[in-house]
Amino acid sequence: DQQSRLSNAGSGSVQNGALQTSIVEQTERGDHLQAVVSYDQIEHSDLQASLSDRLSAAKSAWALGLPVRARLAWDQALDDPKFQGAERTRAQLGRAIMELQERNFEEARSIAERAAADTGIPGIRAQLQLVIAERLREQGAMNLATDYYKKAREKKKKNVANEAGF
């Protein structure tokens, strides 16, 4: 039956009763509007969106300039206790960057600081520190911002040196 196939597929959409391409595929090929529509169809049905669906829907909503919808999808993904590790930190980075672009500086800083404290990945931590630095710069705290820019640069240098050693 169609609903069980869709549920088992994990990231498909229903359109005219047929299984269509996944939300992930739609986002990857830049069909952001269709990805958001597909996500809404899943969310308003008896089906449950997968973690990949939620993350892709968040990216597509952000690409369409729909930050409220992007936040909702990101928050649903980040609320999943099984969502851990580097992918979670990357999702937090994306959310922090969106908040920075939306000029929600305190929210961007809060997300970036929590994620930076939780990650052991130097390259991602450096990017999160850049978000914090940008927030501080926007609020006129140039000395503090400079400290974070320096931390980010040092982390990035160490990360590049470690990768070059392989």
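Residues numbered from 1 in each chain as written. Predicted model: local features only at pLDDT ≥ 70, side-chain atom pairs only at ≥ 80, totals over all residues. Heavy atoms only, no water.

I would appreciate a short explanation of the overall build of the protein chain in the present structure.
On a plain count of helices and strands, the protein chain comes out with nine helices and two strands. Traced from its N-terminal end to its C-terminal end, the protein chain shows the element sequence α-β-β-α-α-α-α-α-α-α-α. Looking at the protein chain as a whole, 39% of its 166 residues qualify as buried. Contacts in the protein chain between residues far apart in sequence, at least 24 positions, make up 45% of those at least 6 positions apart. Accessible area of the protein chain: about 9,300 Å², with a carbon and sulfur share of 49%. (Helix = DSSP H or I, 4+ residues; strand = E, 2+ residues; numbered from the N terminus. Buried < 20%, exposed > 50% of the residue type's maximum accessible area, 1.4 Å probe, protein only. Contact = heavy atoms within 4.5 Å. Areas by Shrake-Rupley, 256 points an atom, 1.4 Å probe, with all protein chains shown as cover.)

I would appreciate a short explanation of the packing of aromatic side chains in the present structure.
Geometrically, a pair of aromatic rings is defined through the distance of the ring centres and the angle of the planes. Scanning the entire structure with this criterion turns up one aromatic pair. Directly above the ring of Tyr-148 sits Lys-151, whose terminal nitrogen or CZ lies 4.5 Å from the centroid. (Phe/Tyr/Trp six-rings, centres within 6.5 Å; stacked < 30°, edge-to-face > 60°. Lys NZ or Arg CZ within 6 Å of the ring centre and 35° of its normal.)

Sorry if this is basic, but what is going on with the confidence of the model for the protein chain here?
The predicted coordinates ought not to be read in detail in places where the model reports low pLDDT. Per-residue confidence for the protein chain gives a mean pLDDT of 81; residues scoring 70 or more make up 81%. Helix H4 (residues 51-63) holds the highest mean pLDDT among the elements of the protein chain, 94, whereas helix H1 (residues 2-9) holds the lowest, 34. Counted against residues more than four places away or in other chains, residues 1-19, with its pLDDT under 50, gives 33 contacts. (pLDDT = per-residue confidence, 0-100.)

Before we go on, may I ask you to explain the nonpolar core in this structure?
A general trend in soluble globular proteins is that nonpolar side chains are found buried together. Grouped together as the largest cluster of nonpolar side chains are 19 residues, with contacts concentrated most on Tyr-39, Leu-55, Trp-74, Phe-83 and Ala-91. Going through the elements one at a time, helix H3 (32-43), H4, helix H5 (67-78) and helix H6 (85-101) are the ones with two or more residues in this core. Excluding anything up to four places from it in sequence, Tyr-39 contacts Ile-23, Ala-49, Asp-53, Arg-54, Ala-57, Ala-73 and Gln-76. With 17 residues, the next largest nonpolar core counts Ala-115, Val-131, Ala-133 and Ala-145 among its residues. (Core = buried A, V, L, I, M, F, W, Y, C linked by side-chain atoms within 4.5 Å.)

In this structure, what is going on with the pattern of salt bridges? I would like to understand it.
A side chain with one charge can pair with a side chain of the opposite charge if their charged atoms come near. The full count for this structure, using the stated rule, is 13 salt bridges. Glu-106 is the salt-bridge partner of Arg-135, the closest N and O atoms lying 2.4 Å from each other. Taken as a pair, Arg-135 in helix H8 (residues 122-138) and Glu-106 in helix H7 (residues 105-118) lie far apart in primary sequence, 29 residues in all. Classification of Glu-106 by relative accessible area gives partly exposed; the value is 37%. Where Arg-137 meets Glu-134, a salt bridge forms, and the shortest distance between an N and an O atom there is 2.7 Å. Linking Arg-137 with Glu-134, this pair stays in helix H8, spanning three residues, or about one helical turn. (Salt bridge = Lys/Arg side-chain N within 4 Å of Asp/Glu carboxyl O.)

What should I look at first to understand H8 in this one?
An α-helical turn contains 3.6 residues, so a residue and the one three or four places further along point in the same direction. Taking 1.5 Å per residue as the helical rise, H8 with its 17 residues ought to reach 24 Å, and the 24 Å between its terminal C-alpha atoms agrees with that figure. When H8 is considered as a whole, its buried residues turn out to be Gly-123, Ile-124, Ala-126, Leu-128, Gln-129, Val-131, Ile-132, Ala-133, Arg-135 and Leu-136. (Expected span 1.5 Å × (residues − 1).)

It is not clear to me how the environment of Lys-151 should be interpreted in this structure. Could you clarify?
Following the sequence through the fold, Lys-151 ends up in helix H9 (residues 142-164). In the structure, Lys-151 is positioned 22 residues away from Gln-129 in sequence and 7.2 Å away in space, judged by C-alpha atoms.

I would appreciate a short explanation of the side chain of Gln-92 in the present structure.
Secondary-structure assignment places Gln-92 in helix H6. Excluding its chain neighbours within four sequence positions, the residues that come into contact with Gln-92 are Leu-78, Ile-111 and Ala-115.

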